[in-house]
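# An overview of the molecular structure
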Amino acid sequence: MSSYRPLDSKREEFRKYLEKAGAMDALTKVLVMLYDEPEKPADALEYIRKHLGDNRPEDVEVGVLKTDLEAAITKIQTLEGEIQVLKERLEKYEPEEKHATEEEGGAPVEPTTDAEPSAEEAPAEPASATAEEPPAQ
């Protein structure tokens, strides 16, 4: 019987530890709540976890989040691919503009848009509109 004595003292130490940490009270309260439940839940362990303050998401929520994450990763990869294609296209046209201006000996030419025609393409204004009016006397 003396061989059981150390085991009992270890149990007593552990019980005191649980009481000091508040675990015994929390477990007792949850078990009493489960006992008083008129409709016993199908998963008692899940009930205990939920009422002990376990805030882990449910499996359904995790599945939805994983699906959303996979969709976001796919979209990111698609957009990164588009960025790469656009960079390649930009590199393809940008050096041609630089080489053309360097051969002419001028400064790099800024690309023009259709909304703003260059001075060479702009129609000449009538002389009356460009001439200054004489000062009023």
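Just so you know, these numbers come straight off a predicted model, no measurement behind them.

With that out of the way, let us pick up the overall build of the protein. Of regular secondary structure, the protein possesses five helices and zero strands. The helix and strand sequence of the protein, counted from the amino end, reads α-α-α-α-α. When each of the 137 residues of the protein is scored for burial, the buried share is 4%. Roughly 13,200 Å² of accessible area belongs to the protein as shown, and the carbon and sulfur atoms make up 56% of that amount.

Three- or four-residue spacings in an α-helix give side chains the same orientation, since the helix completes a turn every 3.6 residues. For helix α3 (residues 44–51), the N-terminal capping position is held by Asp43, with its side-chain oxygen 3.4 Å away from the main-chain nitrogen of Leu45. Two residues or fewer after α3 comes Gly53, characterised by a positive phi angle close to 100°.

What follows covers the layout of surface pockets. Over the atoms, a rolling probe the size of a water molecule traces out where space has been left empty. Taken as a whole, the largest pocket encloses approximately 270 Å³ of empty space. What lines the largest pocket is simply Glu46, Arg49, Lys50, Asp54, Arg56, Pro57, Glu58, Asp59 and Glu61. Every element with two or more residues in the lining of the largest pocket is listed here: α3 and α4 (59–104). At three residues, α3 tops the list of elements feeding residues into the lining of the largest pocket. For the lining of the largest pocket, a count of residues per class yields one nonpolar, no polar and eight charged.

Let's shift gears to the pattern of salt bridges. By the definition in use, this model includes three salt bridges. A salt bridge links Arg15 to Glu19; the nearest nitrogen and oxygen atoms lie 2.4 Å apart. On the criterion of helical spacing, the pair formed by Arg15 and Glu19 is a turn pair, its members being four residues apart in helix α1 (residues 5–21). Exposure remark for Glu19: the relative accessible area of 42% places this residue in the partly exposed category. One continuous salt-bridge network, built from bridges that share partners, spans Glu12, Arg15 and Glu19.

Attention now goes to the packing of aromatic side chains. Tallied over the full model, the rule gives one aromatic pair. Where Phe14 meets Tyr17, the ring centres are 6.1 Å apart and the plane angle is 35°; that geometry is what we call tilted. Residue Phe14 and its partner Tyr17 are both found in helix α1; the two are separated by three residues, about one turn of the helix. Tyr17 sits in the exposed class, given a relative accessible area of 53%.

What follows is about the confidence of the model for the protein. Fine structural detail should not be taken from predicted coordinates in areas where pLDDT scores are low. In this model, the protein carries an average pLDDT of 78, and 65% of its residues clear a pLDDT of 70 or more. Least confident of the elements in the protein is helix α5 (residues 127–130), whose mean pLDDT is 49; most confident is helix α2 (residues 23–36), at 93.

With that out of the way, let us pick up the packing of α2 against α3. As a packed pair, α2 and α3 sit with axes 10 Å apart at the nearest point and diverge in direction by 130°. Judged by the angle between their axes, α2 and α3 are oblique. The handedness of the crossing between α2 and α3 comes out as right-handed. Each of Val30, Leu31, Met33 and Leu34 in α2 lies in contact with α3, whose residues at this interface are Ala44, Tyr47, Ile48 and His51. In the contact of α2 with α3, the residues fall into seven nonpolar, one polar and no charged.

Calculation notes
- Residues numbered from 1 in each chain as written.
- Predicted model: local features only at pLDDT ≥ 70, side-chain atom pairs only at ≥ 80, totals over all residues.
- Heavy atoms only, no water.
- Helix = DSSP H or I, 4+ residues; strand = E, 2+ residues; numbered from the N terminus.
- Buried < 20%, exposed > 50% of the residue type's maximum accessible area, 1.4 Å probe, protein only.
- Areas by Shrake-Rupley, 256 points an atom, 1.4 Å probe, with all protein chains shown as cover.
- Polar contact = N/O pair within 3.5 Å; in protein donor to acceptor, adjacent residues only side chain to side chain.
- 1 Å grid on protein atoms, 1.4 Å probe; cavity = no way out; pocket = protein on both sides within 12 Å on 5 of 7 lines; lining within 4 Å.
- Points joined across faces, edges and corners; volume = space filled by probe spheres on them.
- Nonpolar A, V, L, I, M, F, W, Y, C, P; charged D, E, K, R; others polar.
- Salt bridge = Lys/Arg side-chain N within 4 Å of Asp/Glu carboxyl O.
- Phe/Tyr/Trp six-rings, centres within 6.5 Å; stacked < 30°, edge-to-face > 60°.
- pLDDT = per-residue confidence, 0-100.
- Axes fitted to C-alpha atoms, helices over the stretch in contact; angles between N-to-C directions.
- Parallel < 35°, antiparallel > 145°, perpendicular 65-115°, else oblique.
- Left-handed = near helix turned anticlockwise from the far one by under 90°.
- Contact = heavy atoms within 4.5 Å.

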